[in-house]
Amino acid sequence: MKSSFRGIAEQKPKFEEKDPKRCAAHDCPCRASVNIDGGWTCSAHGAVPADKWPSVTRGLRDHIWLSEFIDEMRTMDRNNGDWRGFAMQFWANSDADCQPHEQEAAIAYQNRMRGELLHRSGATKNRPKPRLPKTPEPSGYFFNRAAT
Ligand SMILES: [Zn+2]
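For the structure given in this document, a descriptive report is provided here. (Residues numbered from 1 in each chain as written. Predicted model: local features only at pLDDT ≥ 70, side-chain atom pairs only at ≥ 80, totals over all residues.)

1. Re the overall build of the chain
Thought 1: Within the chain one finds seven helices and two strands.
Thought 2: For the chain, the succession of helices and strands along the chain, N to C, is α-β-β-α-α-α-α-α-α.
Thought 3: Here the chain holds 148 residues, and the buried ones make up 20% of them.
Thought 4: At a minimum sequence separation of 6, the contacts of the chain that also span at least 24 residues come to 44%. (Helix = DSSP H or I, 4+ residues; strand = E, 2+ residues; numbered from the N terminus. Buried ≥ 20, exposed ≤ 12 C-beta atoms within 10 Å, placed from the backbone. Contact = placed C-beta atoms within 7 Å.)

In structure tokens:
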């Protein structure tokens, strides 16, 4: 039995046999959402080469609280709860940059916090900034300029 599966095991040493909904990286606490090269990983592990997987796994494990916070945000938004008020308070004494901007929509905020999780786990270099609705360009610039 063991030897007949050897060939397959050798082809894909990175991926363990486990719940297909979970990330393929060893010990990763996240759900799989990205297909890379024959296996499903979370977005954090999908963003880095395999040699960085263990450190990203540690990063994610250190930030379980943040991933629970994101889940909480989604649930509150679905149930018309005061996600914004909760988030404002949640970050008030730790990291004000992570508070929702007053014009930031619920989904945009959840996505930013996912990016924040990737950033804090060492999977991405740049910290995400709030994505706000587009504001119209200030009008009258050329008019005023011509008038002076
Ligand atoms: Zn993962």
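2. Considerations on the environment of E104
Thought 1: Summarising the element assignment, E104 is placed in the loop between α5 (83–91) and α6 (106–120).
Thought 2: Of the residues examined, E104 has 19 C-beta atoms within 10 Å and is grouped as partly exposed.
Thought 3: Ignoring sequence-local partners within four residues, the contact set of E104 consists of Y109, P130 and L132.

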